[in-house]
Amino acid sequence: MPKISNKGKNMPESPIRKLAPFAEIAKKKGHKVYHLNIGQPDIKTPEIAINAIKNINLTILEYSHSAGNESYRRKLSEFYKRQNVAVEFEDIIVTTGGSEALLFALGTIMDQGDEIIIPEPFYANYSAFSTASGGSVVPVISTIDTGFALPIISEFEKLITPKTKAILICNPGNPTGYLYSKEEIMQLAALVKKYDIFLIADEVYREFIYDGDTHYSVMNIPGLEGHVIMIDSVSKRYSMCGARIGCLVSKNKEVMATAMKFAQARLSPPTVEQIACEAAIDTPQSYFDEVISEYRERRDTLISELNKIEGVIVTKPKAAFYCIAQLPVDNADIFAQWLLESYDFNGETVMVAPAAGFYSTPGMGLNQVRIAYVLKTEDLISAVRVLKEAIPVYNAIRLKKLIAAQ
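Residues numbered from 1 in each chain as written. Predicted model: local features only at pLDDT ≥ 70, side-chain atom pairs only at ≥ 80, totals over all residues. Heavy atoms only, no water.

Engineer: For helix 6 (residues 125-132), give the residues involved together with the corresponding values.
Structural biologist: With six of eight residues buried, helix 6 lies mostly within the body of the structure. Three or more residues of helix 6 are buried, namely Y126, S127, A128, F129, S130 and T131. Along its buried surface, helix 6 packs onto helix 1 (6-10), helix 5 (97-109), strand 3 (115-120), strand 4 (136-141), strand 5 (164-170) and strand 6 (198-202). Backbone geometry just downstream of helix 6 places G134 in the positive-phi region, at approximately 85°. (Buried < 20%, exposed > 50% of the residue type's maximum accessible area, 1.4 Å probe, protein only. Helix = DSSP H or I, 4+ residues; strand = E, 2+ residues; numbered from the N terminus. Contact = heavy atoms within 4.5 Å.)

Below you can see the structure in the form of structure tokens.
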């Protein structure tokens, strides 16, 4: 048989999606499955974006410019300027989701054997994208004890080698919900400037910030324009995950010219979806006010309910719509599959994302899960009730098997 590539073999599975077949089996049994595993909001997409699709008056669905429609990029530039992020439309390449923007960024800066430093736990696809680009992730560990705050800079510095090309952060954080402060961002800025490497920031959750905190963009760092690459997306901002529109933003002309080669190779981003995204920029502030209020209530409900479960450790996320919860179980992968395959509480069960897949350090996150609070509050309460009832049953079964094996 012909052989597949080692790169393909080394691509990690998605901890978010790998349990999907077991969820499908649970549903076929008639069980209701609460999906806490994936960041797919149930918030309605802005009507202005939906109407833009309904009212399209085209006779040909043509290719767009490889960098994306100029009208959309100009409007996106104005959107960022209103957020005090001064970028021009030439600083933007529209991509097929934030995922493609990350692939373009890593492909632009990494050669075979290069390294990228990422605070873990991190969005699982960062590891996959690094592998696809011929490089590898070097993790610096943040912990649940600190709420997943930025590790001390000396921990980053000791990992920098001639192979290091960048530090990559997600701010606000997926999967942790942590929001880096301006002071933390400036510490990273000084470090990348000192070692002449890139700072890549995935800022797709910038709107989802609670409790009066503010987001500080890497694009606002003075004197660091040549080192900074920002990743963004409409998926969460407008609840348009299926549109698959994101963007890569940088003032570094060489980065943009190189990324453009990747953009040309895939021809162009989707045409119809760009029209919807361009319209979505005119979404009124009242939409976001309601969405933030809803997510804040969901967050508070989830954390309150989780704290009622004996042995659970969870920190209150500052932003995004995820949290990492440490459960009183031996192995979250086995537990998550068991929930779908073998357990229900009054005909209901839960799908969570085992957190080990968000770490690259072996042995980390084995008893942790990522929970996305993208369901309405009553469903979150019911889902956590399932977890509360399931944990002692699971532990009893595991203990029985352990005793039998001795």
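Having put the structure on the table, let's press on.
Engineer: Any details on the environment of K376? Residues and values, ideally.
Structural biologist: Tracing the backbone through its elements, the reader meets K376 in the loop between strand 13 (368-372) and helix 13 (377-405). A residue is classified by how much of its surface remains accessible, and K376, at 39% relative accessible area, is partly exposed. Once the C-alpha coordinates of K376 and Y295 are considered, the two residues, 81 residues apart in sequence, prove to be 8.9 Å apart. If we skip the residues at most four places from it in the chain, K376 touches D42 and R298.

Engineer: An account of the nonpolar core is needed here, citing residue identities and associated values.
Structural biologist: Soluble globular proteins tend to pack their nonpolar side chains together in the buried interior. By size, the foremost hydrophobic cluster in this structure holds 139 residues, and its most contacted members are Y80, I167, L306 and F335. If sequence neighbours within four positions are ignored, Y80 has contacts with V85, V87, I92, R206, M230, D232, C247 and V249. (Core = buried A, V, L, I, M, F, W, Y, C linked by side-chain atoms within 4.5 Å.)

Engineer: Quick one: what's the story with the packing of helix 5 against helix 9 (residues 253-265), residue by residue and with numbers?
Structural biologist: Each pair of packed helices can be described by the angle between their axes along with the distance between the axes. Where helix 5 contacts helix 9, the two axes come as close as 9 Å, and the packing angle between them is 120°. The angle between helix 5 and helix 9 falls in the class oblique. Viewed along their axes, helix 5 and helix 9 form a crossing whose handedness is right-handed. Along the contact surface, helix 5 presents F104, G107 and T108, while helix 9 presents V255, T258, A259, F262 and A263. Taken together, the residues of the contact of helix 5 with helix 9 break down into five nonpolar, three polar and no charged. (Axes fitted to C-alpha atoms, helices over the stretch in contact; angles between N-to-C directions. Parallel < 35°, antiparallel > 145°, perpendicular 65-115°, else oblique. Left-handed = near helix turned anticlockwise from the far one by under 90°. Nonpolar A, V, L, I, M, F, W, Y, C, P; charged D, E, K, R; others polar.)

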